[in-house]
Number of protein chains: 2
Amino acid sequence: MNETHRTNTDPAFEAAYEAAQKSLREGGIPIGAALARGGEVIASGHNERVQHGDPIAHGEMSALRAAGRQKSYRDTTLYTTLAPCAMCTGTIIQFKIPRVVVGEAETFPGEFELLRARGVEVVVLNDARCVEMMRTFQDEHPELWAEDIAE
Amino acid sequence: MNETHRTNTDPAFEAAYEAAQKSLREGGIPIGAALARGGEVIASGHNERVQHGDPIAHGEMSALRAAGRQKSYRDTTLYTTLAPCAMCTGTIIQFKIPRVVVGEAETFPGEFELLRARGVEVVVLNDARCVEMMRTFQDEHPELWAEDIAE
């Protein structure tokens, strides 16, 4: 993991961050994701537990749903503001997405070991905005956060 | 795994099987699932790749979406007609569902090793109807089946 906190300027990561911010404005859980191919964003999405009562709609899952049916994901990268949970990790493995770019893993550890064991490249940005966004949310809505990670 | 093929009469498993049959009638992929608590079916669902162009809507995922927000899954059992893929396996682990009842694992091996490594009880019914249903589908729609498992 990187030691430095820095602001990211990758447009696909920014799409993931903007999706998280949109969810926050809607009163939802501020986690966003984007699927990109060759630098182009195919789709983005955010957690929809609050907005649609949908427990499987983590940010990564919403982005993949929004991307619709793809013949292959082998040339894609998934961007996400927070380290992927077991559901999203299993999905990345199943879809054979080779690379995941993660905003931060300080407020939730995710399943990096499983991802890497299955050959997925994991890049952690340690994005300070993402850490601040999640820490504030976890402090203000502990019950909602616990529900989202089934604690 | 059991050696015998038998017809199952558990109502929750029948709900999963009926959901798979409904998907088949709709021209979709015939995989169904149901979430149950204390013998009562909370919700069922089926693969919706064809029906809604939704790549994350495997049977198990659809059943969990249909069940809506649950405070806990620790007292639930997930029934599914086919061995869970990595996405559905990751979801079972993430949601802390302790037990999975699987119709068959002959036509797709699933991720039993990962499930069991994470403490999930896996029961395989070797249901002959499920084997026949999937084998026929895989023979008739090889491209759709390949897409659904990202091959």
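Reading the values: the criteria
In this convention, every chain numbers its residues from 1, walking through the sequence in written order. By the order in which they are written, chains take letters starting at A while ligands take numbers starting at 1. Owing to the predicted nature of the model, reporting of local features is limited to residues with pLDDT of at least 70; listing and counting of side-chain atom pairs is limited to 80 or more, with chain, interface and lining totals taken over all residues. Here the side-chain values reflect all heavy atoms present in the structure, with hydrogen atoms and water set aside. Any Lys or Arg side-chain nitrogen located within 4 Å of an Asp or Glu carboxyl oxygen qualifies as a salt bridge. Numbered from the N terminus, helices here are DSSP runs of H or I no shorter than four residues, and strands are runs of E no shorter than two. Buried residues are those whose accessible area, probed at 1.4 Å on protein chains only, stays under 20% of the maximum for their type, while exposed residues exceed 50% and partly exposed ones sit between those limits. Pairing between strands requires that DSSP locate at least two bridges from one strand to the other. Fitted lines through C-alpha atoms give the axes, limited to the stretch in contact for helices. The angle between two N-to-C directions lies from 0 to 180 degrees. Contacts are assigned to residue pairs that have any heavy atoms within 4.5 Å of one another. A helix is expected to span 1.5 Å multiplied by its residue count minus one. Comment: arc refers to directions from the helix axis out to C-beta atoms.

## Examining the pattern of salt bridges
All names here are of chain B.
Then comes step 1: All told, the structure shown has 27 salt bridges over all chains when counted by the stated rule.
Then comes step 2: Across the salt bridge formed by E147 and R49, the nearest N and O atoms sit 2.8 Å from each other. Here the residue E147 occupies a position in helix 7 (residues 142-148), and R49 occupies one in helix 2 (residues 49-52), the gap between them amounting to 98 residues. Both residues of the pair, E147 and R49, count as buried.

## Quick word on the sheet that holds strand 3 (residues 76-82) of chain B
All names here are of chain B.
Then comes step 1: Taken together, 5 strands build an open sheet; the order of strands is 2-1-3-4-5 and the sheet is mixed. Bordering the open sheet on either side are strand 2 (40-46) and strand 5 (121-124), each of which pairs with just one other strand. The sheet shows a mean angle of 20 degrees between the axes of neighbouring strands, direction not considered.
Then comes step 2: As judged from the 4 bridges shared by strand 4 (residues 99-104) and strand 5, these two strands associate in the parallel manner. Bridged to V102 within strand 5 is V124.
Then comes step 3: Here helix 6 (residues 128-140) sits on the sheet and contacts strand 3 and strand 4; the angle it forms with strand 4, its principal contact strand, is near 65 degrees.

## Structural notes on helix 6 (residues 128-140) of chain A
All names here are of chain A.
Then comes step 1: In this model, helix 6 (13 residues) spans 18 Å end to end at C-alpha, consistent with the 18 Å of a helix rising 1.5 Å per residue.
Then comes step 2: Among the residues of helix 6, C130, V131, M133, M134, F137 and Q138 are the ones counted as buried. Buried residues of helix 6, viewed axially, fall in a sector of 165 degrees; they line one side. Exposed residues on helix 6 whose side chains face more than 90 degrees from its buried face are E132, D139 and E140.
Then comes step 3: Buried-residue contacts for helix 6 involve helix 1 (11-25), strand 3 (76-82), strand 4 (99-104) and helix 7 (142-148).

Function cannot be read off these values alone, since they describe shape.
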